[in-house]
Number of protein chains: 2
Amino acid sequence: MARKTQLATRFLTIFNRLVTSTPKARVLLALSGGLDSIVLFDLLMQHSIDFEVAHCNFKLRGEESDKDVVLVSNLCERHHVKMHCIDFETEVYAKENGISIEMAARELRYNWFNNLILQFHFDYLVTAHHAGDNFETALLNLTKGSGIAGMKGIAASNGKILRPLLAFSKEELKAYAISQGLEWREDASNESNEYQRNLLRNKVLPLLKGINPHLEHTFYNSGWRTGLWVDVLKQKLFAFDEKYKLHDSWEVPVELLNDAVNKAVFVEFLAEKGFDINTIRNFVEKEERKVGSQFTGSGIELYVERGYFSIRNSKVKTSIHQEVTLNSDIKIEKGKSIIAEDFKGKLDYSDPYCVFFEKDDLQFPLILRTWEFGDRIQPFGMKGTKLISDILIDKKLPNSKKNEVLVLLSKGEIIWVIGLKTSNKFKIINKENPLVRIIYKA
Amino acid sequence: MARKTQLATRFLTIFNRLVTSTPKARVLLALSGGLDSIVLFDLLMQHSIDFEVAHCNFKLRGEESDKDVVLVSNLCERHHVKMHCIDFETEVYAKENGISIEMAARELRYNWFNNLILQFHFDYLVTAHHAGDNFETALLNLTKGSGIAGMKGIAASNGKILRPLLAFSKEELKAYAISQGLEWREDASNESNEYQRNLLRNKVLPLLKGINPHLEHTFYNSGWRTGLWVDVLKQKLFAFDEKYKLHDSWEVPVELLNDAVNKAVFVEFLAEKGFDINTIRNFVEKEERKVGSQFTGSGIELYVERGYFSIRNSKVKTSIHQEVTLNSDIKIEKGKSIIAEDFKGKLDYSDPYCVFFEKDDLQFPLILRTWEFGDRIQPFGMKGTKLISDILIDKKLPNSKKNEVLVLLSKGEIIWVIGLKTSNKFKIINKENPLVRIIYKA
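Owing to the predicted nature of the structure, the values given are computational and were not obtained by experimental measurement.

K.L.:
Would you explain the overall build of chain A in this entry?
P.N.:
Looking only at helices and strands, chain A features 13 helices and 22 strands. A compact globule built from 442 residues would reach a C-alpha radius of gyration of about 22 Å, whereas chain A, at 32 Å, exceeds it by more than 25%. The C-alpha extent of chain A, read off along each of the three principal axes, is 105 × 45 × 40 Å. Within chain A, the fraction of its 442 residues that count as buried is 50%. Long-range contacts, defined here as pairs at least 24 residues apart, represent 67% of the contacts in chain A between residues at least 6 apart. One finds the centroid of the 61 positive side-chain charges in chain A at a distance of 5 Å from the centroid of its 58 negative side-chain charges.

Structural data, given as structure tokens:
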């Protein structure tokens, strides 16, 4: 066996620091046959770490892919290491699921790795990401515009995944491989479809090394430094969610923006929830925050209310429109229902969700629908008509609730703005006539 | 005058937001004659903003520099704008001060701008930094390895300096300049000695735009997002300093590292104080923090004490070594002194900084010096000798104080470890003999 190099010693220190769960870990090595994973194989061997190998054939490079399999299986055989191998129809999977080849390969391999971990009781999956990958990730995130979380780089440990080569640059790994006489397959992973990664790796990084030749080592430490703030952020985000969540929405006091920490956390919260950063910036920085304004993200909405912001997952616009027949319980959605029934007895107006009409004033089926802009009613006790939108403003209904208001119509005329107003035109003149009671249940 | 473009309208909104101090600001425009500043000149003119121009001739590009001056002065004359112009001997200044040409040009120009602001009562200096400069700054900082502060980019306003073009990309500015028929001097600033900037601007940025064509706009917003955390950091750093500063050192409890926020702030504090990030990482992350260990930064030292860390500006190593004659007050440093004098009277051992010897046991001048590794003394009342270093450990002297301990010698033998031990070999046998009293004053 080759003598222990300095790299091998540093590796062991790092590896032992990452392995926290068990004194004698059983690990699964993701081995592509490229330089990085071949070095990792050698290091695990040298330090007598208990491991097996997993190799994926994504069948993306024809004969080349097959040669990778041969290299890996020969290596495992020579060293008596158990090898798990699988063939993927990556292109088919990508097409079937409407995702990129890169994403397909990632999904396929991590699903399989997870299955192996469960089936064979491995403690960890070990991958050969190195310092260059780490910087590339940060640079890619910077280019695409992430917050501080994206500047952390790749985590050295993340659940069951360990990446003990993150402290080493490509150059160091290559020098090690040569010094140990290792055999690897050039570009085994590089020729994949990862255009952006390869652009960064092969074109951008060499240029940046003109500014800082020790780029990757520098980033290994500065990424850690940034990571401490990401830890802070995660903690604060968790607390923020706990503090302001009400059922399926968040109600956040406006004054919160006066405090630097709360402001920064709120912005990250909105970004995490799917608002784009330009929208957030407009909202937070500018004065376009008057009550009633509304901001939309991907699957989420923010309403500016009096004294607070209301953030809710945007509903699939269930513009309700359905018939209400007499004496049957009509289901609306999510346990809501409406019932119009013949009624005899004492009129009780104490529940705003229970109203009464003379039967002859109505024509069944009634129509229950979401209110629309321009809808009007002559409110009970008034002479003229009024816009529903004005009624909602008068009632100080939270903007986030406005879209949900329903109206009930008879022959095209609104007889009830549910929970809020009945029509003066449909008021009961003679209680002795046949009556109808309408009850809305939410 | 050309019609107002969309860019001009956006510019005015941004400019008005930045100008907070006065409704009608008087500004000084730094005008090189390059595309960016020529556009800024045009925008200030268009919106009738009250401004004058400052142009520096750094004399770094011979005739080209002179042509810049001609362009700028013609422009100012045509529009009746007052122009301030200055010639700098940049290369001479750089050489004399041992700094780079880039740094020299920066110092010269900002000093002059400041003088103009004071002399002519301008409210602001306006510079033409654009979105590309902004991203370049972040990318440069990422490459060199900064913390989150470096990922903020350039501030749109910083004291009296405003940068109202930060929201616009180079392409937008160029399209504007062409549409308005503006005349500028290509590369007026680009050919300067800023190798790193030009590498990023001309080589790296075009590549990254292959990943995100709207790179600069993206960063304009994500830099703002990061900036919110930099605001948090600044606030917390200020509070940290207030809380843990004691005279000229900081005493920070060890438990602080258990809290995510405190840990992140402490790391930034150490980085700001001049520790390199690798040193900090070793110190914070690893177990190399046993009491007595010491970490050195640039001009600063950290000592691990029992229960706390002591951080102090590193002293210029005043390894004290001086003669102490009889009956004269010897000054040491910073108000400290030692006096050895003939003594008659009652011996009082209550002050550890006042000791007594028989005169005949001593040979003057005595030598007062900083203790050295390997120094030994036979402590009073003991038979054998003991290392000074062991005495300091026994006394539980804070590590940060150990370097300052002084010893007093007669004929090469240590008679007093000041404030701590006297030598058994020099103890008084007969009080009736002529005596000497030695007092150390701090």
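K.L.:
Is there a simple way to think about the packing of helix 1 (residues 6-18) of chain A against helix 2 (residues 35-46) of chain A in this case?
P.N.:
Residue and element names in this part refer to chain A. Between helix 1 and helix 2, the shortest axis-to-axis distance is 10 Å and the interhelical angle comes to 80°. In terms of orientation, helix 1 and helix 2 fall into the roughly perpendicular class. Taken together, the residues of helix 2 that come into contact with helix 1 (itself represented by L7, A8, F11 and F15) are L40, L43, L44 and Q46.

K.L.:
Is there a simple way to explain the pairing of strand 22 (residues 435-441) of chain B in this structure?
P.N.:
Residues and elements named next belong to chain B. Within strand 22, five of the seven residues are buried, leaving the element largely enclosed by the surrounding structure. Across seven bridges, strand 14 (residues 337-343) lies against strand 22 in antiparallel orientation. Each residue of the ladder has a partner; that of A340, found in strand 22, is I438. Pairing between strand 15 (residues 354-358) and strand 22: five bridges, direction antiparallel. Following the sheet pairing, C354 is matched in strand 22 by I439.

K.L.:
Looking at this model, I keep getting lost on the interface of chain B and chain A. Mind explaining?
P.N.:
Often the size quoted for an interface is simply the accessible area lost on bringing the parts together. At the interface, 54 residues of chain B touch 54 residues of chain A. Of the roughly 5100 Å² buried between chain B and chain A on both sides combined, carbon and sulfur atoms contribute 72%. The interface formed by chain B and chain A includes two salt bridges. B:E268 is the partner of A:R225 in a salt bridge, and the nearest nitrogen-oxygen pair spans 2.9 Å. Taken together, chain B and chain A are joined by 14 residue pairs in polar contact (both at pLDDT 80 or more). Counting residues per element, the side of chain B that touches chain A draws most heavily on helix 9 (residues 215-244) of chain B, which supplies 15 residues. Looking at the side of chain B that touches chain A residue by residue, the classes come out as 31 nonpolar, 13 polar and 10 charged.

K.L.:
What is the right way to read the domain arrangement of chain A from this model?
P.N.:
Per the domain assignment, the segments making up chain A are domain 1 (6-222), domain 2 (247-310) and domain 3 (321-441). Here the C-alpha centre of domain 3 of chain A lies 64 Å away from the C-alpha centre of domain 1 of chain A.

K.L.:
Help me understand the relation of the copies chain B and chain A, please; the structure alone is not making it clear to me.
P.N.:
Put simply, the two copies of the chain differ by a rotation about an axis and a shift along that axis. Here chain B sits on chain A after a turn of 179° about the axis and a move of 0.0 Å along it, with an RMSD of 0.4 Å. One copy is carried onto the other by what is essentially a two-fold rotation axis. Considering only C-alpha atoms, the residue of chain B closest to the rotation axis is B:V204, which sits at 2.9 Å. Of the interface residues in chain B, 100% have counterparts in chain A that sit at the interface too, so the contact is made through matching surfaces.

K.L.:
Is there a simple way to think about the environment of A:E251 in this case?
P.N.:
Note on placement: A:E251 falls in strand 8 (residues 249-253). Among all residues touching A:E251, those that are not within four sequence positions of it are A:Y244, A:L246, A:Y308 and A:F309.

K.L.:
Any chance you could explain the packing of aromatic side chains here in plain terms?
P.N.:
The description of an aromatic ring pair rests on the distance of the ring centres and on the angle between the ring planes. Enumeration over the complete set of coordinates arrives at 40 aromatic pairs over all chains. Summarising the aromatic geometry, the rings of A:F266 and A:F283 are spaced 6.3 Å apart at their centres and angled 70° between planes, so their arrangement reads as edge-to-face. Of this pair, A:F266 sits in helix 10 (residues 260-273) while A:F283 sits in helix 11 (residues 277-285), and the two are 17 residues apart along the sequence. Residues A:F266 and A:F283 agree in their burial class; the two are buried. Here B:F240 and B:F269 contribute two aromatic rings whose centre-to-centre distance is 4.8 Å and whose plane-to-plane angle is 45°, an arrangement assigned as tilted.

K.L.:
For this particular structure, what's the right way to read the sheet that holds strand 22 (residues 435-441) of chain A?
P.N.:
The strands that make up a sheet are held in pairs by hydrogen bonds between backbone atoms, and each pair lies either parallel or antiparallel. Residue and element names in this part refer to chain A. With antiparallel pairing, four strands are arranged side by side in an open sheet as 13-14-22-15. The outermost strands of the open sheet, each flanked by one partner alone, are strand 13 (328-331) and strand 15 (354-358). Taken over all neighbouring pairs, the strand axes of this sheet differ in orientation by 20° on average, direction set aside. By the bridge criterion, four bridges tie strand 13 to strand 14 (residues 337-343) in an arrangement that is antiparallel. Across the sheet, residue D329 finds its bridge partner in strand 14, namely I339.

K.L.:
Just to check I follow, could you spell out the sheet that holds strand 11 (residues 308-313) of chain A for this structure?
P.N.:
Residues and elements named next belong to chain A. Strand order across the open sheet formed by five strands is 7-8-11-10-9, with antiparallel pairing between neighbours. Two strands close off the open sheet at either side, each with one partner strand: strand 7 (245-246) and strand 9 (294-297). Examined bridge by bridge, strand 8 and strand 11 share five bridges and lie antiparallel to one another. Bridged to P253 within strand 11 is Y308.

K.L.:
Whenever I open this one, helix 3 (residues 63-78) of chain B confuses me. Can you help?
P.N.:
Since one α-helical turn is 3.6 residues long, residues separated by three or four positions face the same way. All names here are of chain B. Helix length check: helix 3 (16 residues) gives 23 Å between terminal C-alpha atoms against 22 Å at 1.5 Å per residue, within 8%. Taken as a whole, helix 3 has its buried residues at S65, D68, V69, L71, V72, L75 and C76. Considered in projection along helix 3, the buried side chains sweep an arc of 165° and stay on one side of the axis. Opposite the packed face of helix 3, turned more than 90 degrees from it, sit the exposed residues E63, E77 and R78. Buried positions along helix 3 lie against helix 2 (35-46), strand 2 (50-57) and strand 3 (83-87).

K.L.:
Just to check I follow, could you spell out the pattern of salt bridges for this structure?
P.N.:
Here the idea is simple: oppositely charged side chains can pair when their charged atoms come close. Residues and elements named next belong to chain A. Within this structure, the stated rule accounts for 48 salt bridges over all chains. The closest approach of N and O atoms between E172 and R10, which form a salt bridge, is 3.3 Å. Separated by 162 residues along the polypeptide, E172 in helix 7 (residues 170-179) and R10 in helix 1 bring together distant segments of the chain. Here E404 makes a salt bridge to R312, at a shortest N to O gap of 2.7 Å. Of this pair, E404 sits in the loop between helix 13 (399-402) and strand 19 (406-410) while R312 sits in strand 11; the two residues are 92 residues apart in sequence, bridging distant segments of the chain. Assessed through its relative accessible area of 8%, R312 is described here as buried.

Rules behind the numbers
- Residues numbered from 1 in each chain as written.
- Chains lettered and ligands numbered in written order.
- Predicted model: local features only at pLDDT ≥ 70, side-chain atom pairs only at ≥ 80, totals over all residues.
- Heavy atoms only, no water.
- Helix = DSSP H or I, 4+ residues; strand = E, 2+ residues; numbered from the N terminus.
- Rg over C-alpha atoms; globule rule 2.2 N^0.38 Å.
- Buried < 20%, exposed > 50% of the residue type's maximum accessible area, 1.4 Å probe, protein only.
- Contact = heavy atoms within 4.5 Å.
- Lys, Arg positive; Asp, Glu negative; His and termini not counted.
- Charge placed at Lys NZ, Arg CZ, Asp CG, Glu CD.
- Axes fitted to C-alpha atoms, helices over the stretch in contact; angles between N-to-C directions.
- Parallel < 35°, antiparallel > 145°, perpendicular 65-115°, else oblique.
- Pairing = 2+ DSSP bridges.
- Buried area = accessible area lost by both parts, 1.4 Å probe.
- Salt bridge = Lys/Arg side-chain N within 4 Å of Asp/Glu carboxyl O.
- Polar contact = N/O pair within 3.5 Å; in protein donor to acceptor, adjacent residues only side chain to side chain.
- Nonpolar A, V, L, I, M, F, W, Y, C, P; charged D, E, K, R; others polar.
- Domains from an automatic or database assignment.
- Least-squares fit on C-alpha atoms with pLDDT ≥ 70 in both.
- Phe/Tyr/Trp six-rings, centres within 6.5 Å; stacked < 30°, edge-to-face > 60°.
- Expected span 1.5 Å × (residues − 1).
- Arc of directions from axis to C-beta.

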